[in-house]
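Inside the fold
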Amino acid sequence: MRAWREAIQLAFLTVCLCCSAISRAEATVTVEANATTVRVIAEIDTTVNRDIAWKVLSDYNRWAEFIPDMQVSRVVSRPGEPLLVEQRGVIPWLPNFPLVVIASVQETPGKGLRFQRVAGNIRAIEGEWQIQGRKKIRLVYRSTVEPGFPLPPQMSTEIFKHDAKIKLEAMAQEMARIKKLPVH
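Residues numbered from 1 in each chain as written. Predicted model: local features only at pLDDT ≥ 70, side-chain atom pairs only at ≥ 80, totals over all residues. Heavy atoms only, no water.

Let us look at the pattern of salt bridges. Two side chains with opposite charge may pair up if their charged atoms get near one another. Taken as a whole, this structure holds 13 salt bridges when the rule is applied. Residue Glu128 pairs with Arg142 through a salt bridge whose shortest N-O separation is 3.0 Å. Placement of the pair is Glu128 in strand 7 (residues 124–132) and Arg142 in strand 8 (residues 138–146), with a sequence separation of 14 residues. The exposure class assigned to Arg142 is partly exposed, which follows from its relative accessible area of 30%. A salt bridge links Lys167 to Asp163; the nearest nitrogen and oxygen atoms lie 3.2 Å apart. You can see Lys167 and its partner Asp163 sitting in helix 4 (residues 153–180), 4 residues apart, about one turn around the helix. A relative accessible area of 13% places Lys167 in the buried class. (Salt bridge = Lys/Arg side-chain N within 4 Å of Asp/Glu carboxyl O. Helix = DSSP H or I, 4+ residues; strand = E, 2+ residues; numbered from the N terminus. Buried < 20%, exposed > 50% of the residue type's maximum accessible area, 1.4 Å probe, protein only.)

Here we take up unusual backbone geometry. For Asp69, which is not glycine, the phi dihedral falls at a positive 75 degrees. Positionally, Asp69 belongs in the loop between helix 3 (63–66) and strand 3 (70–75).

With respect to the secondary-structure elements, Thr46 resides in the loop between strand 2 (38–45) and helix 2 (50–57). A relative accessible area of 5% places Thr46 in the buried class.

Moving on, we come to the side chain of Glu174. Its place among the elements puts Glu174 in helix 4. The class of Glu174 is buried, set by a relative accessible area of 5%. Reaching out from Glu174, the side chain makes a polar contact with the side chain of Arg62 at a distance of 2.7 Å. Engagement of the side chain of Glu174 in a polar contact is seen with the side chain of Arg177, the distance being 2.8 Å. (Polar contact = N/O pair within 3.5 Å; in protein donor to acceptor, adjacent residues only side chain to side chain.)

Our next topic: the sheet that holds strand 7. Strand order in the open sheet formed by 8 strands is 1-2-8-7-6-5-4-3, and the pairing between neighbours is antiparallel. Each edge of the open sheet is held by one strand with a lone partner, namely strand 1 (28–33) and strand 3. Recorded for the sheet is a direction-independent mean angle of 15 degrees between the axes of neighbouring strands. For strand 4 (residues 84–91) and strand 5 (residues 94–108), the ladder comprises 8 bridges, and the chain directions are antiparallel. Bridged to Ile91 within strand 5 is Leu94. With respect to the sheet, helix 4 is in contact with strand 1, strand 2, strand 3, strand 4, strand 5, strand 7 and strand 8, its orientation differing from that of strand 2 by roughly 25 degrees. (Pairing = 2+ DSSP bridges. Axes fitted to C-alpha atoms, helices over the stretch in contact; angles between N-to-C directions. Contact = heavy atoms within 4.5 Å.)

Glancing now at the nonpolar core. Formed by 47 residues in total, the largest nonpolar core has its most connected members in Leu57, Trp63, Trp129, Tyr141 and Met171. With 9 residues, the single largest contributor to this core is helix 4. Once residues within four sequence positions are removed from consideration, Trp63 is found in contact with Val56, Leu57, Met70, Ser73, Gln87, Trp129 and Met171. (Core = buried A, V, L, I, M, F, W, Y, C linked by side-chain atoms within 4.5 Å.)

These figures come from the coordinates and say nothing about function on their own.
Pasting the structure below:
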């Protein structure tokens, strides 16, 4: 009986440690910046399947619920029109400068999406989110940004590195949370 109880306790501890590791997955981020352009490549490994990854990635109306610094994320196009998503947020280091972007989004269900700025207070932004892998999913984010306002390259690097890291880690945590929800 005692061996059985110890086995259950060990199994419980293992599950707790694994769940903790899932929710604390770290994104790797590379940023290159010059006086006008910032390029970002970021990725994070998850333990969810492709369906869950796509469900969270394509649920634009909920992004502001789980991504820090994002205040609004919503689809602004009508059904049948090209997909347009409005996002509003803040840069923690520049709290008096709200960011506003309306992006055209092209989806490849289950695989990823491409986006490009069509309006907002950032001069240009385009990029993609990819869902890679089969059993172990890697979420990859790439973007090229022209802020349109002066920022020293070192500051740009830190701002966009922080933003990508926070976004990817929030996505992975939300995917892990959705994975744990009971199926009805």
